[in-house]
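# Residue-level structural notes
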Amino acid sequence: MSTHTQIIYQFVFSTKHRHFTLKGDENRLKLYKYIWGVLKNKKCIAYKINGIENHLHIATHIHPDVALSSLLKDIKVSSSVWIKQNHLFPDFIGWAQGYGAFTYNIKQKEILERYIEKQAEHHKKTSFKAEYEKLLQNNGIKYEDRYLF
């Protein structure tokens, strides 16, 4: 029997100490294209990548042969090196430890893509901390506030 999956993930991760170091829309677009390539090289399907100066959201389907934690590690390590080699964000010191990974049904894909697309607008009203806590709560994930940020 062959393997069939349809699991859409939303990955969320931030810059170290949540510093606003990913400045400049043009450079962020370059970063998104780089991450898109990492996903493609891992046989994953990228649907949407966006974020603001201190964090990113990625909507993707991962290939069944790819381990979630390994993929996130590869994305964060390789993009960190690439950012520094290309002097893309001078104040960038790295990504924060950890990440959020949330699953969605294929019927929720367009809603998720619109949500990710509107990050700049969304964060005019909502902090990253509030957004992330809501994602955890909406997905039934228990957490201790003291370890969150």
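Look up: the structure comes first, before these words.
Residues numbered from 1 in each chain as written. Predicted model: local features only at pLDDT ≥ 70, side-chain atom pairs only at ≥ 80, totals over all residues. Heavy atoms only, no water.

## A short note on the sheet that holds strand β2 (residues 45-52)
Working definition: the strands of a sheet are paired by backbone hydrogen bonds and lie parallel or antiparallel to each other. Let me state the cut-off plainly: Any two strands are treated as partners once DSSP identifies two or more bridges connecting them. Secondary structure elements are taken from DSSP: a helix is a run of H or I of four residues or more, a strand is a run of E of two residues or more, and numbering for both begins at the N terminus. Working convention: axes come from line fits to C-alpha atoms, limited for helices to the stretch in contact. Angles between N-to-C directions cover 0 to 180 degrees. In what follows, residue pairs with any heavy atoms lying within 4.5 Å of each other are defined as contacts.
Read across the sheet, 4 strands follow the order β2-β3-β1-β4 without closing on themselves; strand pairing throughout is antiparallel. Looking at the sheet topology across the chains shown, the edges are occupied by β2 and β4 (100-104). The average angle at which neighbouring strand axes cross in this sheet is 15°, direction not considered. Pairing analysis gives 7 bridges linking strand β1 (residues 8-14) to strand β3 (residues 55-61), with the strands arranged antiparallel. Across the sheet, Tyr9 pairs through a bridge with Thr60, a residue of β3. In the packing of helix α2 (residues 68-85) onto the sheet, the strands contacted are β1, β3 and β4, and the crossing angle to β1 comes to about 45°. Those strands touched by helix α3 (residues 109-117) are β1, β2, β3 and β4, and its axis lies near 30° from that of β2.

## Side note on the pairing of β3
The condition is simple: We call a residue buried when its accessible area falls under 20% of the maximum for its residue type, exposed when it is over 50%, and partly exposed in between, using a 1.4 Å probe and counting protein chains only.
With 7 of 7 residues buried, β3 lies mostly within the body of the structure. What you see with β3 is no split at all: His55, His57, Ala59 and His61 on one side and Leu56, Ile58 and Thr60 on the other are buried throughout. By the bridge criterion, 7 bridges tie β2 to β3 in an arrangement that is antiparallel. Bridge assignment links Ile45 to a residue of β3, and that residue is His61.

## A few points about the packing of aromatic side chains
We apply this condition: The criterion for an aromatic pair is that two Phe, Tyr or Trp rings (for Trp, the six-membered ring) have centres within 6.5 Å, with stacked assigned to planes under 30 degrees apart, edge-to-face to planes over 60 apart and tilted to the rest.
All told, the structure shown has 8 aromatic pairs when counted by the stated rule. Their ring planes at 85° and their centres at 4.9 Å tell us that Phe13 and Trp95 sit as a pair that is edge-to-face. Of the two residues, Phe13 sits in strand β1 while Trp95 sits in the loop between α2 and β4, which places them 82 residues apart along the sequence. Neither Phe13 nor Trp95 differs from the other in exposure class; each is buried. Between Phe102 and Tyr132 the ring centres are 6.2 Å apart and the planes differ by 65°, which places this aromatic pair in the edge-to-face class.

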